[in-house]
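Structural description and commentary
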Amino acid sequence: MNTEDAEKNFLISKNIELDLFADIEPEHELRKEIEEFLEQQFKEHFKNKMPKYWDKVTKRYITAFSRLKSLKILQDLPSIYRDHSGLRPNLLFYLANLGYSETSSKTILIILNELRVFDDLSIVQVVHLLTNWEIPRTSNAMKFLEDAEKAIKNLTTVQKKPSGFYALLWFKAKYSSQEYLLHFIKKYDNLWKADAFLRRQATAILSRLLSMNSEVPHTLLTEQIASGAVGTVSVANQIAFFELADKLEPRMDMYLFPTKKQRIYPLGKFLVLCSALNSEKIRQSNSVAKKISEHIHDPYYRHWIVEQYGIKL
């Protein structure tokens, strides 16, 4: 392979150019000029998709925009997401880095409404992004969540696959009230009870419901303990055990509140925290309340903690 062919296939000059922006930060004094330059080069790059390393270089451009928290590619992102499946993880990482805003939320709605019914992996990945976003409890944000849930539900209803139901279940585990979440779990119990993976997930989510003024969540939990489904029984027993605990054991305390604070508090860990807070003694602990306040900043997590457990944050 001669030098010209190497340049065409491996885009050597593009890679050298992108090396200059490998450690770029949003606070850079020439951010505006850099963004405009990258936007121009990115559009030029899309005119010829034939080079062997086109995908790899495209991912480097997306990473550069992500590092800058630049909005320059948001308008074109839905069509890129739709037409280039290999770039989707990078585009979702970019959106995760941007975080929630009215602009980024509109992009997500376009992606959801353009997803093909059989693309169950993308539904799960988009929902993972949505549950990691720290979305405020404003009227505009709540309307966005309503629209997102409707789009997810439309896809999963037609799709009729466990992965689609899991995505919807996980979305509701974070953003639905206890009453709506319980209604959903009861309504579709025949579906999740028929699948071992879904059964474990639905059982784990019961931890968010035990503080309700209703015996139904406890009845459901007891049913799962007696179900004989190995993975489900283990999860259900842990939830029941935590409800009776007197205090957080050191390992549990370290898991929930690590020394190095997490930038994103995972939904799965939040559900474990709910299991612990179902214990009256633990939720009345001032030290636990202090740690929650220091480690959890997500508006929805904080809202549920105050509403469900009466903890002042």
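Residues numbered from 1 in each chain as written. Predicted model: local features only at pLDDT ≥ 70, side-chain atom pairs only at ≥ 80, totals over all residues. Heavy atoms only, no water.

1. Quick word on the overall build of the protein
What counts here: Strands are runs of DSSP state E lasting at least 2 residues, helices are runs of H or I lasting at least 4, and numbering of each runs from the N terminus. Burial classes follow relative accessibility: with a 1.4 Å probe on protein chains only, a residue under 20% of its type's maximum area counts as buried, one over 50% as exposed, and anything between as partly exposed. A contact between two residues is defined here by any heavy atoms of the two lying within 4.5 Å. Residue-level accessible areas treat just the shown protein chains as cover; the underlying method is Shrake-Rupley with a 1.4 Å probe. Working convention for charge: Lys and Arg count positive, Asp and Glu count negative, and His plus the chain ends are omitted. Taken as the charge centre is NZ of Lys, CZ of Arg, CG of Asp or CD of Glu, depending on the residue.
The helix and strand inventory of the protein stands at 20 helices and 0 strands. When its C-alpha atoms are laid out on the principal axes, the protein stretches across 70 × 45 × 40 Å. Taking all 313 residues of the protein together, 47% fall into the buried category. A fraction of 68% describes how many contacts in the protein between residues 6 or more apart in sequence connect residues 24 or more apart. Total accessible area computed for the protein in this model is approximately 16400 Å², and 53% of it derives from carbon and sulfur atoms. Across the protein, 44 positive and 38 negative side-chain charges occur, with their mean positions spaced 4 Å apart.

2. Notes on helix 9 (residues 139–159)
To keep it simple, the criterion reads: A helix is expected to reach a length of 1.5 Å times the quantity of its residues less one. Directions from the helix axis toward the C-beta atoms define the arc.
With 21 residues, helix 9 should cover 30 Å at 1.5 Å per step; its first-to-last C-alpha distance of 30 Å lies within 8% of that length. Among all positions in helix 9, only Ala141, Phe144, Leu145, Ala148, Ala151, Ile152, Leu155, Thr156 and Gln159 are buried. Across the axial projection of helix 9, the buried residues extend over an arc of 130°, all falling on one side. What points out from helix 9, more than 90 degrees from its buried face, is the exposed set Ser139, Glu146, Lys150 and Val158. Elements that come into contact with the buried residues of helix 9 comprise helix 7 (102–114), helix 8 (120–132), helix 10 (162–175) and helix 20 (299–309).

3. Focus: empty space enclosed by the protein
Rule in force here: As defined here, a cavity is a set of points on a 1 Å grid over the protein atoms alone where a 1.4 Å probe fits but cannot get out. A pocket is an open set with protein on both sides within 12 Å along at least five of seven lines, and residues line them when an atom is within 4 Å of a point. Grid points are joined across faces, edges and corners, and a volume is the space filled by probe spheres set on the points. Only Asp, Glu, Lys and Arg are considered charged, only Ala, Val, Leu, Ile, Met, Phe, Trp, Tyr, Cys and Pro nonpolar, and every remaining residue, Gly among them, polar.
Per the counting criterion, the structure on display carries 1 cavity of 30 Å³ or more. If you add up the space inside the largest cavity, you get close to 50 Å³. Around the largest cavity sit Pro78, Tyr81, Arg82, Arg88, Ile111, Glu114, Leu115 and Arg116, which together line it. Elements with a minimum of two residues in the lining of the largest cavity: helix 5 (77–83) and helix 7. In terms of residues, the lining of the largest cavity owes the most to one element, helix 5, which gives 3 residues. Considering only residue class, the lining of the largest cavity consists of 4 nonpolar, no polar and 4 charged.

4. A short note on the pattern of salt bridges
The line we're drawing: Any Lys or Arg side-chain nitrogen located within 4 Å of an Asp or Glu carboxyl oxygen qualifies as a salt bridge.
Considering all chains together, one arrives at 16 salt bridges under this definition. Between Lys72 and Glu39 there is a salt bridge whose closest N-O contact spans 3.8 Å. Remark: Glu39 occurs in helix 3 (residues 31–45) and Lys72 occurs in the loop between helix 4 (54–68) and helix 5; sequence separation between them is 33 residues. By relative accessible area, which is 31% here, Lys72 ends up partly exposed. For the salt bridge of Arg82 with Glu114, the shortest nitrogen-to-oxygen distance reads 3.2 Å. Of the two residues, Arg82 sits in helix 5 while Glu114 sits in helix 7, which places them 32 residues apart along the sequence. The network of salt bridges with common partners includes Glu39, Lys43 and Lys72.

5. A closer look at the layout of surface pockets
One number sums up the size of the largest pocket: a volume of about 450 Å³. Lining the largest pocket are 18 residues, and of these Glu149, Lys172, Tyr175, Ser176 and Tyr180 sit closest to its centre. Only helix 9, helix 10, helix 11 (178–187) and helix 20 provide two or more residues apiece to the lining of the largest pocket. The leading source of residues in the lining of the largest pocket is helix 9, at 6 residues. In the lining of the largest pocket, the residues fall into 9 nonpolar, 3 polar and 6 charged. Estimates place the volume of the second largest pocket at around 230 Å³. Those elements that provide at least two residues to the lining of the second largest pocket are helix 9 and helix 10. Its residues assigned to classes, the lining of the second largest pocket shows 7 nonpolar, 2 polar and 4 charged.

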